[in-house]
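Structure assessment
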Amino acid sequence: MGNKLWGGRFVEKTDRAMEEFSSSFAVDRRLWKAELAATEAHVRVLARGGYLSRSEEAGLLRGLKSLRSGILSGAIPLEGDWEDVHSFVLAHLEKKAGAAARKVHAGRSRNDLVSLDMRLYLREEIVRLDSLLARLQSALTAKGEEYAGVVIPAYTHLQRAQPVLFAHHLLAYVEMLDRDRLRLRDLGRRLEVLPAGSAAAGGNTLDLDLKLMAGLLGFPKVSPNSLDAVSDRDFVLEFLSAAALAGLHFSRLAEELVLWSTSEFSFVELGEAFCTGSSFLPHKRNPDSAELVRAKAGRLLGNFTALFATVKGLPLSYNRDLQEDKRPLFDSVDTIGDSAAVLCGVIESLKVNLAVLKRLEDEDYGAAPDLAEYLVKKGMPFRDAHRLVGGMVVSLARSGCKLNEISIQELRKFSSEFDDGALKLLSARGSLRARAAFPGSHPGRVKANLRKWRRKLEAEGKKRGRG
Ligand code: ARG
């Protein structure tokens, strides 16, 4: 095992199996950029406090820079039997900058350092994931615009309920994704708290300018409590829970795509680039992309519950158990990112089966609630109107008659309050036009929502491009 940061009080060698068991380098090497950023800020603060000379500071900063380019170019591979990313960086820094590197760990511990690294890492990932979610929102909005006039049944209990616009259905996911993005950005505010100065648990005796350090790292706040700072993993759990929720939304959309692409539904066809075949059934074209997205939501929830269970019984402050936060975090970051990227492609290449949806438009009794409300507007109590239209549906269904096939005379047999206005409601499109009230699926409203989202997402995209 590479140079240990803690050998001094040990006489015996660490057991080989224990070394392998406790090493986290294979996992936490992913934090190397954050580790370098945190170390650079720490070096500057140590110099400000008079613990490093100007030339030591300059040499260390140069060393960190060269370490960064060495890792980026592959000249310094992130490999070897290091205990963790912290030991790796300090050992390599010593190779680059010499003995001054032995001063760098003053006033800090891996306990506050790892918490800082995780915060820096996650802050960046949140920005990347936010833009992926925005891309998915754009893909859904564009698909809604492509099929602007298309009507599909809205379901409750997986039974047809009311006709809505396909775009309205897609925009429901745009709203969900927006809350997912808000959650990510919101937890970003809570993770931007500097845990430095806490050292292992109870602080340090050096004179470190933590405000300067917070400023250098772009954190608005310094943690006021060292025990909390080293043992808090709320921000990781908040992320895992936000990722699980986003995954849940992905999964519901994926499930609908699976369902809609069955021969039984035939509402949509997934692009071939996002389907796979069967090794036995030559005719198959399976929606594996959507199935995998659906399944991965389970992993995302698993990651949340795994860390929740790990942290829930821990006494303050740092415990080595907390090292186990990284696998679930990295896995959720990857899983949610990869799922979003694949879903984008699935949505972009999605084709809607217009003939099937056209045929379905007026097949059911989706305008029934509008008819009942028509009577309400004429003064009939809703309960009575509901009963009357329910009876009407029974009698029409018995004679195999659809709503849009009946004449005004037949309609008036059920209530003399029905007139030409009621007749207009009986087609899916008439029903849609009648449901003008917020936040229904009125064509004008859906069109305005599509426009609103497109503009918002375009403006955000431009800002991101500039930023
Ligand atoms: N690898 C550890 C973690 O991820 C770093 C902190 C180790 N601290 C210690 N006292 N052993 O949490």
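As a reminder, the structure under discussion sits directly above these lines.
Scoring rules and cut-offs
- Residues numbered from 1 in each chain as written.
- Predicted model: local features only at pLDDT ≥ 70, side-chain atom pairs only at ≥ 80, totals over all residues.
- Heavy atoms only, no water.
- Helix = DSSP H or I, 4+ residues; strand = E, 2+ residues; numbered from the N terminus.
- Rg over C-alpha atoms; globule rule 2.2 N^0.38 Å.
- Buried < 20%, exposed > 50% of the residue type's maximum accessible area, 1.4 Å probe, protein only.
- Contact = heavy atoms within 4.5 Å.
- Areas by Shrake-Rupley, 256 points an atom, 1.4 Å probe, with all protein chains shown as cover.
- Phe/Tyr/Trp six-rings, centres within 6.5 Å; stacked < 30°, edge-to-face > 60°.
- Near = heavy atom within 4 Å.
- Polar contact = N/O pair within 3.5 Å; in protein donor to acceptor, adjacent residues only side chain to side chain.
- Nonpolar A, V, L, I, M, F, W, Y, C, P; charged D, E, K, R; others polar.
- Pairing = 2+ DSSP bridges.
- Salt bridge = Lys/Arg side-chain N within 4 Å of Asp/Glu carboxyl O.
- Lys, Arg positive; Asp, Glu negative; His and termini not counted.
- 1 Å grid on protein atoms, 1.4 Å probe; cavity = no way out; pocket = protein on both sides within 12 Å on 5 of 7 lines; lining within 4 Å.
- Points joined across faces, edges and corners; volume = space filled by probe spheres on them.

Now for the overall build of the chain. Within the chain, the regular secondary structure consists of 19 helices and 6 strands. A compact globule built from 467 residues would reach a C-alpha radius of gyration of about 23 Å, whereas the chain, at 30 Å, exceeds it by more than 25%. In the chain, which comprises 467 residues, the proportion classed as buried is 46%. By sequence separation, contacts in the chain at least 24 residues apart represent 76% of the contacts at least 6 residues apart. Put simply, the chain shows about 23,400 Å² of open surface, and 54% of that area lies on carbon and sulfur atoms.

Going through the model one piece at a time under the given rule, you end up with 10 aromatic pairs. When the ring of Tyr147 is compared with that of Phe166, the centres are 6.1 Å apart and the planes differ by 80°; the resulting orientation is edge-to-face. With Tyr147 in the loop between helix 6 (110-146) and strand 1 (151-156) and Phe166 in helix 7 (residues 166-191), this pair connects stretches of sequence that are 19 residues apart. Tyr147 sits in the buried class, given a relative accessible area of 11%. A residue is classified by how much of its surface remains accessible, and Phe166, at 1% relative accessible area, is buried.

Taken together, Ser24, His86, Arg110, Asn111, Val114, Tyr318, Arg320, Gln323 and Lys326 are the residues near the ligand. Here an oxygen atom of the ligand and a side-chain polar atom of Tyr318 are 2.5 Å apart. The contact in question runs from a nitrogen atom of the ligand to an N or O atom on the side chain of Gln323, over 2.7 Å. Tallying contributions element by element places helix 6 first for the shell around the ligand, with 3 residues. Across the shell around the ligand, the residue classes tally to 2 nonpolar, 4 polar and 3 charged.

Here we take up the pairing of strand 2 (residues 159-165). Where strand 1 and strand 2 come together, 6 bridges link them in antiparallel fashion. Opposite Val151, over in strand 2, you have Leu165 as the bridge partner. The antiparallel hairpin formed by strand 1 and strand 2 contains 2 residues in its connecting segment, where His157 sits at a positive phi of about 60°.

Let us now look at the pattern of salt bridges. Taken as a whole and assessed by the stated rule, the structure comprises 40 salt bridges. Salt-bridge contacts for Lys456 lead to Asp178; the nearest nitrogen and oxygen are separated by 3.7 Å. With Lys456 in helix 19 (residues 443-466) and Asp178 in helix 7, this residue pair connects regions lying 278 residues apart in the sequence. We classify Asp178 as buried; its relative accessible area is 12%.

Quick look at the side chain of Arg108 now. Tracing the backbone through its elements, the reader meets Arg108 in the loop between helix 5 (85-97) and helix 6. Glu35 provides the closest opposite charge to the buried, unpaired Arg108, separated from it by 4.3 Å. Of the polar contacts made by the side chain of Arg108, one reaches the side chain of Thr39; its length is 3.2 Å. A distance of 2.9 Å separates polar atoms of two side chains, one belonging to Arg108 and the other to His105. Among residues more than four places away in sequence, those in contact with Arg108 are Glu35, Ala38, Thr39, His42, Leu90, Leu113 and Ala199.

Considering the arrangement of structural elements, one finds Thr141 in helix 6. When near neighbours in sequence (up to four residues on either side) are disregarded, Thr141 contacts Leu171, Val174, Leu450, Trp453, Arg454 and Leu457.

Once that is clear, we can look at the layout of surface pockets. For the largest pocket, the calculated volume is near 630 Å³. Considering the residues around the largest pocket, the lining is formed by 24 residues, among which His168, His169, Ala172, Met176 and Glu256 are closest to the centre. The set of elements that each furnish at least two residues to the lining of the largest pocket consists of strand 1, helix 7, helix 10 (234-260) and helix 19. Among the elements that make up the lining of the largest pocket, the one with the highest residue count is helix 7 (7 residues). Its volume calculated, the second largest pocket comes out at about 510 Å³.

A cis amide bond links Leu316 with the next residue in sequence, Ser317, at an omega value of 0°. As for its position among the elements, Ser317 is in the loop between helix 11 (288-312) and helix 12 (326-348). In this structure, the amide linkage connecting Phe438 to the following residue, Pro439, adopts the cis form with an omega of -5°. Among the secondary structure elements, Pro439 is positioned in the loop between helix 18 (428-434) and helix 19.

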